[in-house]
Amino acid sequence: MSVLPLIFTSGWASGINAYAVVLLFGIFGATGLTDEVPESLQRTDVLIVAAALFLCDTVADKIPYVDSVWDSVHTVIRPVSGAVVGALLAGQSGSLPEIAAGAVGGSTALVSHLVKAGARMAINTSPEPFSNILVSTAEDLGVAGIIVFAVFHPVAAAAVAGTLLVLGIVTVAFLASRIRGFLRRRARRRAEKRLATGAPPAL
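Structure report, in brief.

1. What about helix H3 (residues 66-93)?
Right, so step 1: Here H3 spans 38 Å end to end across 28 residues, near enough to the 40 Å set by a 1.5 Å rise per residue.
Right, so step 2: Residue histidine 74 marks the point of greatest curvature in H3, where the axis turns by about 55 degrees.
Right, so step 3: Immediately downstream of H3, the backbone of glycine 94 shows phi near 75 degrees, a positive value.

2. Points about the packing of helix H4 (residues 98-123) against helix H5 (residues 130-152)
Right, so step 1: Where H4 contacts H5, the two axes come as close as 10 Å, and the packing angle between them is 160 degrees. It follows that H4 is roughly antiparallel to H5 by the angle criterion. Here H4 and H5 pass one another in a crossing that is right-handed. Only Ser131, Asn132, Val135, Ser136 and Glu139 of H5 make contact with H4, whose side of the interface consists of Lys116, Arg120 and Ile123.
Right, so step 2: Here the contact of H4 with H5 is built from residues that sort into 2 nonpolar, 3 polar and 3 charged.

3. Focus: a positive patch on the surface
Right, so step 1: Positive charge collects at one region of the surface, where Arg180, Arg184, Arg188, Arg189 and Arg190 lie side by side.
Right, so step 2: Among the secondary structure elements, arginine 189 is positioned in helix H7 (residues 176-197).
Right, so step 3: Judged by relative accessible area, which is 36%, arginine 189 ranks as partly exposed.

4. Some remarks on the pattern of salt bridges
Should their charged atoms come close, side chains of opposite charge can pair.
Right, so step 1: Per the stated rule, a full pass over the model turns up 9 salt bridges.
Right, so step 2: Measuring nitrogen to oxygen at the nearest pair gives 2.5 Å for the salt bridge that ties aspartate 45 to arginine 43.
Right, so step 3: On the accessibility criterion, aspartate 45 (38% relative accessible area) is partly exposed.
Right, so step 4: Its relative accessible area of 45% is what places arginine 43 among the partly exposed residues.
Right, so step 5: Of the charged contacts, one joins aspartate 61 and arginine 120 as a salt bridge, the two residues approaching to 2.8 Å between their closest N and O atoms. On the criterion of sequence distance, the pair formed by aspartate 61 in the loop between helix H2 (44-60) and H3 and arginine 120 in helix H4 is long-range, its members being 59 residues apart.
Right, so step 6: Exposure remark for aspartate 61: the relative accessible area of 1% places this residue in the buried category.
Right, so step 7: Salt bridges sharing partners connect three or more residues here, namely Asp61, Asp67, Lys116, Arg120 and Glu139.

5. A few points about the nonpolar core
Right, so step 1: By size, the foremost hydrophobic cluster in this structure holds 30 residues, and its most contacted members are Phe25 and Ile147.
Right, so step 2: Sorting the residues of this core by element identifies helix H1 (4-30), H2, H3, H5 and helix H6 (154-174) as the ones contributing at least two each.
Right, so step 3: Not counting the four nearest positions on each side in its chain, isoleucine 147 is found in contact with Ser10, Ala13, Val21, Leu24, Phe25 and Phe28.
Right, so step 4: Residues Val115, Met121, Ala122 and Val172 belong to the second largest nonpolar core, which totals 5 residues.

6. Examining H1
Right, so step 1: Compared with the 39 Å implied by 1.5 Å per residue over 27 residues, the 22 Å span of H1 between its first and last C-alpha is markedly short.
Right, so step 2: The sharpest bend along H1 measures roughly 125 degrees and falls at asparagine 17.
Right, so step 3: Of all 27 residues in H1, 23 are buried; the element is thus mostly enclosed.

About the cut-offs
Residues numbered from 1 in each chain as written. Predicted model: local features only at pLDDT ≥ 70, side-chain atom pairs only at ≥ 80, totals over all residues. Heavy atoms only, no water. Helix = DSSP H or I, 4+ residues; strand = E, 2+ residues; numbered from the N terminus. Expected span 1.5 Å × (residues − 1). Bend = angle between axes of the 7 residues up to and from the residue. Axes fitted to C-alpha atoms, helices over the stretch in contact; angles between N-to-C directions. Parallel < 35°, antiparallel > 145°, perpendicular 65-115°, else oblique. Left-handed = near helix turned anticlockwise from the far one by under 90°. Contact = heavy atoms within 4.5 Å. Nonpolar A, V, L, I, M, F, W, Y, C, P; charged D, E, K, R; others polar. Patch = residues over 30% accessible without salt bridge, like charges linked within 9 Å, V, L, I, M, F, W, Y side chains within 5 Å. Areas by Shrake-Rupley, 256 points an atom, 1.4 Å probe, with all protein chains shown as cover. Salt bridge = Lys/Arg side-chain N within 4 Å of Asp/Glu carboxyl O. Lys, Arg positive; Asp, Glu negative; His and termini not counted. Charge placed at Lys NZ, Arg CZ, Asp CG, Glu CD. Buried < 20%, exposed > 50% of the residue type's maximum accessible area, 1.4 Å probe, protein only. Core = buried A, V, L, I, M, F, W, Y, C linked by side-chain atoms within 4.5 Å.

Below, the structure written as structure tokens:
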């Protein structure tokens, strides 16, 4: 069977929490639950780094506005991670060219990341912090659940991931006005901070 469904699902999950994807795949491979995971993701040093970064992501992702800064930093990291994981999975199975797999994993991760970042901007328009915690926890559980599901039922998991991706795009489009308001307020706060510190205006 083609590894494409697993690559697509891992790309979607990488756009939300790339470190969780690497960590979970590595654990599944190291414990022998699946033979689809390449040895490079099972290495002890990779698992330790992924676990440490996953903990940082878990904390930062639940703090209002910090989560948006964290998302900005990961605009490159998550798609690259999705592409690398996809290429490694393809190389392990030999059923799909690695370049094509990397393109699928990376592009899916990019779209998923943009949906996540856009939704967080909309959520940050709310004055209370609890919505961030709830959404972030749901994302963490969703990524864990769908990766576990994908290991045993890749096609069904890909269908779920695709549905969630489409729903996310529709939701972010619906919340676009709130997102624009968030961006305007953030730009205003930065301008006020520059004025307060005497820094020159941004070009």
